[in-house]
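Chain and residue survey
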Amino acid sequence: MASSLTVGAVWQAEVILILTKLYDFNLGSVTESSLWRSTDYGTTYEKLNDKVGLKTVLSYLYVSPTNKRKIMLLSDPEIESSILISSDEGATYQKYRLNFYIQSLLFHPKQEEWILAYSLDQKLYSSMDFGRKWQLMHERVTPNRFYWSVTGLDKEPDLVHMEARTADGHTHYLTCRIQECSETKRSGPFSRSIDVSSLVVQDEYIFIQVTAGGRANYYVSYRREPFAQIKLPKYSLPKDMHIISTDENQVFAAVQEWNQNDTYNLYISDTRGVYFTLALENVKSSRGLEGNIIIDLYEVAGIKGIFLANRKIDDQIKTFITYNKGRDWRLLQAPDTDVRGDPVVCQLPFCSLHLHLQLSENPYTSGSISSKETAPGLLVATGNIGSELSYTDVGVFISADGGNSWRQIFEEEYNVWFLDWGGALVAMKHTSVPVRHMWVSFDEGRSWSRYSFTSTPLFVDGSLVDPGIETQIMTVFGHFSLRSEWQLVKVDYKSVFSRRCNKDDYQTWHLHNQGEPCVMGERKIYKKRKPGAQCSLGRDYSKTVVSEPCVCGQGDFECDYGYERHSNNQCVPAFWFSPSSLSKDCSIGQSYLNSTGYRRIVSNNCTDGLREKYMAKMEKCPGKAPRGLHILTTDGKLVTEQGHNATFIILMEEGDLQRTNIQLDFGDGLAVSYANFSPVEDGIRHVYKSAGIFQVTAYAENSLGSDTAVLFLHVVCPVEHVHLSVPFVAIRNKDVNITAVVWPSQAGTLTYFWWFGNSTKPLITLESSISYIFAVEGMNTVTVQVAAGNTLIQDTKEIAVHEYFQSQLLSFSPNLDYHNPDIPEWRQDIGKVIKRALAQVTGIPDEQILVAVFPGLPTSAELFILPHKNTTERRKSSEADLEQVVEILFNALNQNLVQFELKPGVEVIVYVTQLTLAPLVDSSTGHSSSAMLMLLSVVFVGLAVFLVYKFKRKIPWINIYAQVQHDKEQEMIGSVSQSENAPKITLSEFTDPEELMDKELDTRMMGERQPSAGAFFTVWVRMLVTGVLGKAATVTPGTGRASGTEIRS
């Protein structure tokens, strides 16, 4: 068992709400919860389980950010789905059942009744009455990627920004009003799809990410203007990007570049968030408890422009500080003395002070560093003195002047909290052992008073403190032992603050940067309580006394986009940057701001001085011919599907965007033209109606010149099925033709990957057929994979490879046709059944028998009689053995002994199709046959032709397998021929093919169903002849060729 605690506080009314939960590790779930309420700021507590339901298990407690009298409790979704609402600071509750399970809530920053709820099934709901009624807004919303409108920027206060997956399967940035979020009412401020979990809506900025061609592209909208692509230095090539800060109309971003793994580079933007320049390289990063990226960068509260960062240099982590938003960085000067007052020897740059900059993920501990808006210049942090950051030898350090000088206040790690608007400090040792003391300082940590807050040492889990509380009260919670109940200790410091501070209790201090009084273009003087004055500051405490601008100097300007600071402190264009490229957005007759290479740091308030020298100059727009024209697709791919939108983006590095004509030829006979670039900014859409490879050409022209860009686009039709046509049996070391038949046939450009046997590398072709020689006897596997765009399909077949074999055509009793569905799986199973029946009747080993059932009706098959394994060495005796096997099978078939039961009551008999067996198939080129046998063969062929064409006699063992293909006849292949010198049978020996088809031959169609679109038919004539031919010959119409390989279906 383990328990956890959630605290919510209503500060104005001194009400504290505490939710405790009991977690059962054996069950893996929360089994109990208790709700506690105090109305005297923690002196006494009342248990409210009876008011929320004795059996109700609660999971979360929410306090409305705009009205802290309103409380919302969520039930544990594993038990029930309901919420409990209170409008009287948690005194009473109303329970409402829900038809969805809430994962998180987002309250409106201004409207106390408006709430967004995200469900466990990724749906977004809205409520306008503080959760009493809910309305579905959108399904398939990305977690934590939904935002309320920002006052002053969005027109409607009830507008919601969200990232969601739409019906097309892509992720989009959408906006809609909470009560008007139907499909027709939603809008997409960014026309294209975006990367998942990339939408960020923060202050004046909206950020999205789009990956194209393997590269991430980032876009920003400033103050809801149209999106513009973020410009990082050309060769930063970011792998990852995080928005760190958007304060004061500027973006601080951490970018992990192509050559970084555990560090990020810091970039800072112009006001619009478009053009970024490098602020600091190789900043340390780490992973949070939930896997989130944490950048070691800390923005000091209360004073603008001051940041701390941990940078990796030569495998060492060092802490740097900047006072001008990243233009200049320096190491921290170590204290002169340690906590005991002994001198510290630490010489820059070899030794300095290093700080841990992680904020606490536990809201009830202080974290490793803290500063407050109400106490400007005061920083407390955990760190060490040395050559690099350490995680072992740490202490606590404090700065009272904004990080210029530091003092050590503890030798061990402590939690330090701010009391009384930051005027006092409270410290408690951060340890795993129980404690009973805390320390209080009224002089910025120079001296500490120890107080005992409990008589029994307490394992402290956290503290509830708010720096703005005038009551000077904090609540410490923990356990007396690891098995005890929660203990809450109220610590009241009222008696320590003897009175309210007056003007004599304050002193002034000047903000500076190593003696330089101007920071961010201003000279600022603050007031703070004098050390040792034990008076309370109060709510009306004002910290700033004087603020006046300074004269602009070099330190007030940073290098503009595309420029780099050199050792002489001058900003020089980078090798990849052309300063004139920024003028393409203006047209002849207009003016533009031409950068001098410098820009004043955003939020810097300096005046005069170097401002005039470094500020951008207004110049007339130069006329330029188009240059650097590029054409690409929105997703970066060069493949699109037939019938789908293909969106093209046209980019131009130089030229006049407003006076340059654009023409885009899609390569399919259609083209579009535009007078300027404005209509093509969101892309040009086109739908291809046929598959193929199209040359897409962009042409840009103005009065000063022209430029052209070309893109070759593959338009494919998604392939749905591939059928691998291979012979059932092949002869070793002889060519075998293998064909992949793809449906639909008009699929565009296809790539074929052929895998043979156990090969680890495929043969790759653009043709659907391949010739291959099998060198190994036995069963050989052939696999073909067909790639079309993003689709990859495959088929696998097996081929029996032998030195020689014999074959016999089989037919069946007519009742088998009635049960023949004519699908490959059925044919394979029937072949296995026939094989078992033959082996059972004859006793011949089943490895010597192979049965292939042909497609179509009537049902027919071919029986292959294979030599016994490992008989290659004794060839002649094996051939004789094979003849004996053939005779046994022949006798069994002629006696109708081979039959099988297809289903109860359906007996199927297997017959031979003709009386004469095909002789032994041999791979050798020489024969022992006499010339007389050769002559008899030729005479037999002539007689067969005469009988068919002259006398129109029906020959029962001639099968015509007819198929018609739309574009061209497909060559079909029968059983592999025994000799390259075998006589060829050509159609020229016969009469006209049309006469043959119309009048003289009785054809058998393969199935009686009407062919669908894309179906194909091929003419297949099998003629069995005896003699030296020794096999069934396959004739391909229109080719004049006879092949010797059996088509496999």
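Treat the numbers as computed from the prediction; the structure is a model and nothing was measured. Just so you know, the residues in each chain are numbered from 1, in the order the chain's sequence is written. Thresholds applied to this predicted model are a pLDDT of at least 70 for local features of residues and 80 or more for the giving and counting of side-chain atom pairs; totals over whole chains, interfaces and linings are not thresholded and use all residues. No hydrogens and no water enter the side-chain calculation; it runs on all heavy atoms of the structure.

Re the packing of aromatic side chains
Classification of ring pairs rests on two measures: the distance between centres of Phe, Tyr or Trp rings, Trp counted by its six-membered ring, which must be within 6.5 Å, and the angle between planes, read as stacked under 30 degrees, edge-to-face over 60 and tilted in between. Scanning the entire structure with this criterion turns up 36 aromatic pairs. Each ring, one from F190 and one from F227, has its centre 5.4 Å from the other, and the planes form 80 degrees; the classification is edge-to-face. Of this pair, F190 sits in the loop between strand 15 (171-177) and strand 16 (200-202) while F227 is found in the loop between strand 18 (215-222) and strand 19 (228-229), placing the two residues 37 residues apart along the sequence. Assessed through its relative accessible area of 7%, F190 is described here as buried. Every helix listed is a DSSP run of H or I at least four residues long, and every strand listed is a run of E at least two residues long, numbered separately from the N terminus. Categorising residues by exposure relies on relative accessible area from a 1.4 Å probe, with only protein chains included: less than 20% of the type maximum marks a residue as buried, more than 50% marks it as exposed, and the intermediate range marks it as partly exposed.

A closer look at the nonpolar core
Buried Ala, Val, Leu, Ile, Met, Phe, Trp, Tyr and Cys residues form a nonpolar core when they are joined through side-chain atoms within 4.5 Å. Grouped together as the largest cluster of nonpolar side chains are 29 residues, with contacts concentrated most on I834, L838, I849, L863, L889 and L893. Contributions of two or more residues to this core are made by strand 69 (804-812), helix 4 (824-842), strand 70 (849-853), strand 71 (860-865), helix 5 (875-894) and strand 73 (906-912). Apart from residues no more than four positions distant in its own chain, L838 is found in contact with G843, I849, V851, L863, L889, L893 and V898. Among the nonpolar cores identified, the runner-up in size contains 28 residues, and F207, Y218, V220 and M241 belong to it. Only heavy atoms matter for contacts: two residues are in contact if any of them lie within 4.5 Å across the pair.

A short note on the environment of S595
As for its position among the elements, S595 is in the loop between strand 50 (591-594) and strand 51 (598-600). Accessibility expressed as a relative area gives 18% for S595, which makes it buried. When near neighbours in sequence (up to four residues on either side) are disregarded, S595 contacts D560, Y563 and A616. Side-chain polar atoms of S595 contact the side chain of D560, separated by 2.7 Å. A distance of 2.9 Å separates a polar side-chain atom of S595 from the backbone nitrogen of G597. Any N or O atom pair separated by 3.5 Å or less is treated as a polar contact, with the protein-specific requirement of one donor-capable and one acceptor-capable atom, and with residues adjacent in sequence counted only for side-chain atom pairs.

Considering the confidence of the model for the chain
Summing up the model confidence of the chain, the mean pLDDT is 82 and the portion of residues at 70 or higher is 83%. Every residue is assigned a pLDDT by the predictor, reflecting its confidence on a scale from 0 to 100. Long-range and interchain partners of residues 915-939, a stretch whose pLDDT sits below 50, account for 47 contacts in this model, where long-range means more than four residues apart. Here residues 943-1049 scores under 50 on pLDDT; set against residues more than four positions off or in separate chains, the count is 212 contacts.

Topic: the state of the cysteines
Criterion for a disulfide: a pair of cysteine sulfur atoms within 2.5 Å. Counted by the stated rule, this structure contains six disulfides. Across a sulfur-sulfur distance of 1.9 Å, C346 and C351 are joined as a disulfide pair. What sets the handedness of the C346 and C351 disulfide is the S-S torsion sign, and at about -105 degrees it is left-handed. Neither C346 nor C351 differs from the other in exposure class; each is buried. Across a sulfur-sulfur distance of 2.0 Å, C559 and C571 are joined as a disulfide pair. Its torsion about the S-S bond being -85 degrees, the disulfide of C559 and C571 is classed as left-handed. In this pair, C559 sits in strand 47 (residues 557-559) while C571 sits in strand 49 (residues 571-573), placing the two residues twelve residues apart along the sequence. Across this residue pair, the class does not change: C559 and C571 are buried.

Digging into the layout of surface pockets
What the second largest pocket holds in volume is close to 1,500 Å³. As defined here, a cavity is a set of points on a 1 Å grid over the protein atoms alone where a 1.4 Å probe fits but cannot get out. A pocket is an open set with protein on both sides within 12 Å along at least five of seven lines, and residues line them when an atom is within 4 Å of a point. Together, 40 residues line the second largest pocket, and H242, I243, N292, I293 and I294 are the ones closest to its centre. If you list the elements that add at least two residues to the lining of the second largest pocket, you get strand 13 (141-148), strand 16, strand 17 (205-212), strand 20 (238-245), strand 23 (276-287), strand 24 (293-295) and strand 25 (297-299). Take the lining of the second largest pocket: its biggest share by element is six residues, from strand 20. Grid points are joined across faces, edges and corners, and a volume is the space filled by probe spheres set on the points.

Some words on empty space enclosed by the protein
Within this structure, the stated rule accounts for twelve cavities of 30 Å³ or more. Estimated volume of the largest cavity: approximately 240 Å³. Lining the largest cavity we find 23 residues, and of these L378, G422, G423, E444 and K528 sit closest to its centre. By residue number, the principal contributor to the lining of the largest cavity is strand 31 (residues 375-386), which donates four residues.

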